[in-house]
Structure formats: structure tokens, C-alpha cells
Amino acid sequence: MRHGPAGSRRTYFGIFAALLVLTAVTVLVSYVNLGLMNVVVALLIASVKASLVALFFMHLKGESRLVWGFALFPILFLALILLGTLVDTQLR
């Protein structure tokens, strides 16, 4: 585990710019009628944004496998809940 500054300001500004672009893409996609795929696309973009935040701003990028396990285990349950919700929506 590395302590201290994890990245340069340039990296953080680049990630910030990527988050802004992804937010703009989310807003633009919301105006396109994709049916149920709107939800899927919005969740995919949100997942990418959450991954960027976790990797760079929460410094998960340089952590050990144990920390990665604790970070990824709840995501498995989140995926199961989302999958169940989407399947239920399709069957109604």
C-alpha cells in the first residue's frame, strides 16, 4: 500500500474532465428514445463514472487484493439486484 500523493494534478484534472464528458453523454442519451435500453445505457455510464471515482479519487488503483475483494464483493450483490429488477420489468 502506498501512502502520500497517489497521482499528479494532471491525472486528477483528466479524470474530472472525463467525468464531465460522461455526465454530458448521460444527459444527451436521455433525450434519445431507446426504450428499455435507456436504463441499461445510463447504468453502464454510471458504472464507468463510479469506477473512475473509486480507482483514482478513492485510491483503489494501488491497493492490495484484499481491499479489491472488499470493494468488489458488494458490487456482485448490486448486479444481482439490478438484474432481478430489469428481468422483472421485462416480464410485466
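Going by the structure above, here's the rest.
Definitions and cut-offs
Residues numbered from 1 in each chain as written. Predicted model: local features only at pLDDT ≥ 70, side-chain atom pairs only at ≥ 80, totals over all residues. Heavy atoms only, no water. Phe/Tyr/Trp six-rings, centres within 6.5 Å; stacked < 30°, edge-to-face > 60°. Helix = DSSP H or I, 4+ residues; strand = E, 2+ residues; numbered from the N terminus. Expected span 1.5 Å × (residues − 1). Contact = heavy atoms within 4.5 Å. Patch = residues over 30% accessible without salt bridge, like charges linked within 9 Å, V, L, I, M, F, W, Y side chains within 5 Å. Areas by Shrake-Rupley, 256 points an atom, 1.4 Å probe, with all protein chains shown as cover. Salt bridge = Lys/Arg side-chain N within 4 Å of Asp/Glu carboxyl O. Core = buried A, V, L, I, M, F, W, Y, C linked by side-chain atoms within 4.5 Å. Buried < 20%, exposed > 50% of the residue type's maximum accessible area, 1.4 Å probe, protein only. Axes fitted to C-alpha atoms, helices over the stretch in contact; angles between N-to-C directions. Parallel < 35°, antiparallel > 145°, perpendicular 65-115°, else oblique. Nonpolar A, V, L, I, M, F, W, Y, C, P; charged D, E, K, R; others polar.

Novice: Whenever I open this one, the packing of aromatic side chains confuses me. Can you help?
Specialist: Centre-to-centre distance and the angle between the planes together describe a pair of aromatic rings. With the rule as written, the count across this model stands at two aromatic pairs. Geometrically, the ring pair formed by F73 and F77 is edge-to-face, given 5.1 Å between the ring centres and 85° between the ring planes. With F73 and F77 both in helix 3 (residues 65–90) and four residues apart, this pair spans about one turn of that helix.

Novice: How should helix 2 (residues 37–57) be read in this particular structure?
Specialist: In this model, helix 2 (21 residues) spans 29 Å end to end at C-alpha, consistent with the 30 Å of a helix rising 1.5 Å per residue. Buried-residue contacts for helix 2 involve helix 1 (9–30). Note on helix 2: the residue one or two positions beyond its end, H59, has a positive phi of about 60°.

Novice: Hey, could you run me through a nonpolar patch on the surface in this one?
Specialist: Taken together, the side chains of F13, F16, L20, V53, F57 and M58 make up a nonpolar region of the molecular surface, amounting to roughly 610 Å² of accessible area. Residue assignment for the nonpolar patch shows that the elements contributing at least two residues are helix 1 and helix 2. Note that M58 resides in the loop between helix 2 and helix 3.

Novice: What is the right way to read the nonpolar core from this model?
Specialist: Soluble globular proteins tend to bury their nonpolar side chains together. Counting six residues, the largest nonpolar core is built from I15, L19, L22, I45, L52 and F56. Those elements that provide at least two residues to this core are helix 1 and helix 2. Once residues lying within four places of it in the same chain are set aside, the contact partners of L52 are I15, A18, L19, L22 and F57.

Novice: Would you mind showing me how to read the packing of helix 1 against helix 2 here?
Specialist: Two quantities define a packed helix pair, namely the angle between the axes and the distance from one axis to the other. Where helix 1 contacts helix 2, the two axes come as close as 10 Å, and the packing angle between them is 170°. Taken together, the axes of helix 1 and helix 2 lie roughly antiparallel to each other. Packed against helix 1, whose contacting residues are T11, Y12, I15, F16, A18, L19, L22, T23, V25, T26, V29 and S30, the element helix 2 presents N38, V41, I45, V48, K49, L52, V53, F56 and F57 at the interface. Tallied by class, residues from the contact of helix 1 with helix 2 come to 15 nonpolar, five polar and one charged.

It is worth stressing that arrangement in space is one thing and function is another; only the former is reported here.
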